[in-house]
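# Structural features, examined
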Amino acid sequence: MTEPQRKALYRIPEAMQQLSLSRSVIYELVRSGRLRTVKEGRTRLVPESAITEYVSLLERESTKGVAA
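So, a few notes on the structure that sits alongside this text. (Residues numbered from 1 in each chain as written. Predicted model: local features only at pLDDT ≥ 70, side-chain atom pairs only at ≥ 80, totals over all residues. Heavy atoms only, no water.)

Another aspect to go through is the overall build of the protein. Secondary structure assignment for the protein yields 3 helices and 3 strands. When the helices and strands of the protein are listed from N to C terminus, the series reads β-α-α-β-β-α. Within the protein, the fraction of its 68 residues that count as buried is 24%. Accessible area for the protein stands at about 5,300 Å²; split by element, carbon and sulfur atoms hold 52% of it. (Helix = DSSP H or I, 4+ residues; strand = E, 2+ residues; numbered from the N terminus. Buried < 20%, exposed > 50% of the residue type's maximum accessible area, 1.4 Å probe, protein only. Areas by Shrake-Rupley, 256 points an atom, 1.4 Å probe, with all protein chains shown as cover.)

Structural data, given as structure tokens:
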């Protein structure tokens with residue numbers, strides 16, 4: 001399987017695919033501030049760095065409370 005092409009900015013459907021999340025979940029994450037987005041004109045875009053930060057946040061939350 002080939003690795004998906006990396007981009008600086010992803011449209012919402014591309015971010016959905018990258019994170020394996022539904023459209024409604026993506027927009028809830030945006031509303032709650034857990035996933036950063038930018039706007040270019042009327043288009044909402046998710047920076048690659050925001051996707052990376054969100055995955056890191058999930059990893060930190062999953063290990064919270066686990067003894068090292």
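There is more to say after this.
Let's shift gears to the nonpolar core. Within soluble globular proteins, side chains that are nonpolar tend to cluster in buried spots. The biggest cluster of nonpolar side chains holds 13 residues, and the ones touching the most others in it are Ala15, Leu19, Ile26, Leu35, Val46, Ile51 and Tyr54. Where this core is concerned, the elements lending two or more residues are helix H1 (12-19), helix H2 (23-32) and helix H3 (48-63). A per-element tally of this core places H3 first, with 4 residues. (Core = buried A, V, L, I, M, F, W, Y, C linked by side-chain atoms within 4.5 Å.)

The next subject is the sheet that holds strand E3 (residues 43-47). The strand order across the open sheet formed by 3 strands is E1-E3-E2, and the pairing between neighbours is antiparallel. If you trace the sheet from one side to the other, it starts and ends with strand E1 (9-11) and strand E2 (38-40), each paired once. Put simply, the sheet's adjacent strands are angled 45 degrees from each other on average, direction ignored. Examined bridge by bridge, E1 and E3 share 3 bridges and lie antiparallel to one another. Across the sheet, residue Tyr10 finds its bridge partner in E3, namely Val46. (Pairing = 2+ DSSP bridges. Axes fitted to C-alpha atoms, helices over the stretch in contact; angles between N-to-C directions.)

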